[in-house]
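Letter by letter, the chains look like this.
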Amino acid sequence: MPTFKSGAFVQQCFASHPQSLNFQALTLPDRVVVMCTNCDMRHRFLVRTLTTRAGEEGSAEREAKGDLAQCVVAHPADLRVSTVDVVHDSVKLRCGACSRTYTITVSAFETYRKDA
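All figures in this text were calculated on a predicted structure; none of them were measured in a lab.

Some details on helix H2 (residues 65–74)
Thinking step 1. Every buried residue of H2 is accounted for by Asp67, Leu68, Cys71 and Val72. Along H2, the residues classed as buried sweep out an arc of 140° about the axis, all on the same side. Set apart from the buried face of H2 by more than 90 degrees, the exposed residues are Gln70, Val73 and Ala74.

Notes on the packing of aromatic side chains
Thinking step 1. This model, assessed by the stated rule, comprises 2 aromatic pairs.
Thinking step 2. Between Phe45 and Phe109 the ring centres are 5.8 Å apart and the planes differ by 85°, which places this aromatic pair in the edge-to-face class. Taken as a pair, Phe45 in strand E3 (residues 41–53) and Phe109 in strand E7 (residues 100–113) lie far apart in primary sequence, 64 residues in all. For the residue pair Phe45 and Phe109, the accessibility class agrees, reading buried in each case.

Regarding unusual backbone geometry
Thinking step 1. With an omega dihedral of 15°, the bond running from Leu28 to Pro29 counts as a cis peptide bond.
Thinking step 2. Mapping Pro29 onto the fold places it in the loop between strand E1 (21–27) and strand E2 (31–36).
Thinking step 3. Located in the positive-phi region is Ser99, a residue other than glycine, with phi close to 55°.
Thinking step 4. Within the secondary structure layout, Ser99 lies in the loop between strand E6 (90–95) and E7.

Let's talk about the nonpolar core
Thinking step 1. By size, the foremost hydrophobic cluster in this structure holds 25 residues, and its most contacted members are Leu93 and Tyr102.
Thinking step 2. Within the residue set of this core, elements represented by two or more residues are helix H1 (8–16), E1, E2, E3, H2, strand E5 (79–85), E6 and E7.
Thinking step 3. Broken down by element, the residue count for this core peaks at 4 residues, all from E7.
Thinking step 4. Setting aside anything within four residues of it in sequence, one finds Tyr102 in contact with Leu50, Thr51, Thr52, Ala64, Asp67, Leu68, Cys71, Leu79, Val91, Lys92, Leu93 and Cys95.

Thoughts on the environment of Ala69
Thinking step 1. With respect to the secondary-structure elements, Ala69 resides in helix H2.
Thinking step 2. Each C-alpha atom, one on Ala69 and one on Thr27, is 9.1 Å from the other, the two residues being 42 residues apart in sequence.

Overview of the side chain of Thr103
Thinking step 1. Residue position: Thr103 is located in strand E7.
Thinking step 2. Take Thr103: its relative accessible area is 17%, and that puts it in the buried class.
Thinking step 3. When sequence neighbours within four positions are dropped, the list of residues in contact with Thr103 reads Thr49, Leu50, Thr51, Glu61, Val91 and Lys92.

Concerning the pattern of salt bridges
Thinking step 1. All chains considered together, the criterion is met by 6 salt bridges.
Thinking step 2. In this structure, Arg31 and Asp30 form a salt bridge, with 3.8 Å as the shortest nitrogen-oxygen distance.
Thinking step 3. Its relative accessible area of 35% is what places Arg31 among the partly exposed residues.
Thinking step 4. Residue class for Asp30 comes out partly exposed when judged on its relative accessible area of 31%.

Thresholds, definitions, all that
- Throughout this description, residue numbers start from 1 for each chain and increase along the sequence as written.
- The predicted nature of this model means local features are confined to residues of pLDDT at least 70 and side-chain atom pairs, given and counted, to a pLDDT of 80 or more, with totals for whole chains, interfaces and linings taken over all residues.
- Remark: hydrogens and water are excluded; side-chain values derive from all non-hydrogen atoms of the structure.
- Type-normalised accessible area, obtained with a 1.4 Å probe on protein chains alone, sets the label of each residue: buried when under 20%, exposed when over 50%, and partly exposed for intermediate values.
- Segments assigned H or I by DSSP are reported as helices when at least four residues long, segments assigned E as strands when at least two residues long, and all are numbered from the N terminus.
- Here, the arc refers to the directions that run from the helix axis to the C-beta atoms.
- Between the rings of Phe, Tyr and Trp (Trp by its six-membered ring), a pair exists once the centres lie within 6.5 Å; its type follows the angle of the planes, with under 30 degrees stacked, over 60 edge-to-face, and the other angles tilted.
- Side-chain atoms within 4.5 Å link the members of a nonpolar core, which is a set of buried Ala, Val, Leu, Ile, Met, Phe, Trp, Tyr and Cys residues.
- Here, residues are in contact when the closest pair of their heavy atoms is within 4.5 Å.
- We define a salt bridge as a contact between a side-chain nitrogen of Lys or Arg and a carboxyl oxygen of Asp or Glu at a distance within 4 Å.

Right, here's the structure in full:
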């Protein structure tokens, strides 16, 4: 199966079955992969920026690759996609264990079948 270079596929998965988008991998410096367990598609985000807020809502955003890497090691099953916005090229991940939200500004969306 070819790789589709469009955010439309991840947007469709998120709209149809948002609870099925599970964190799969973080490959620093610039890739995040999520898997849709409902349709067996992998969605890869090429990261332009990855930020989180330091503390409560309204506080300044800061670079978060190190924080996300720590979540991936400590509790990867708790990372979920919480927002997909292909118009603004962004995706948000939420960590249920540490209550942190990560905002990814995406430079490219790629979708492919899990067995590809």
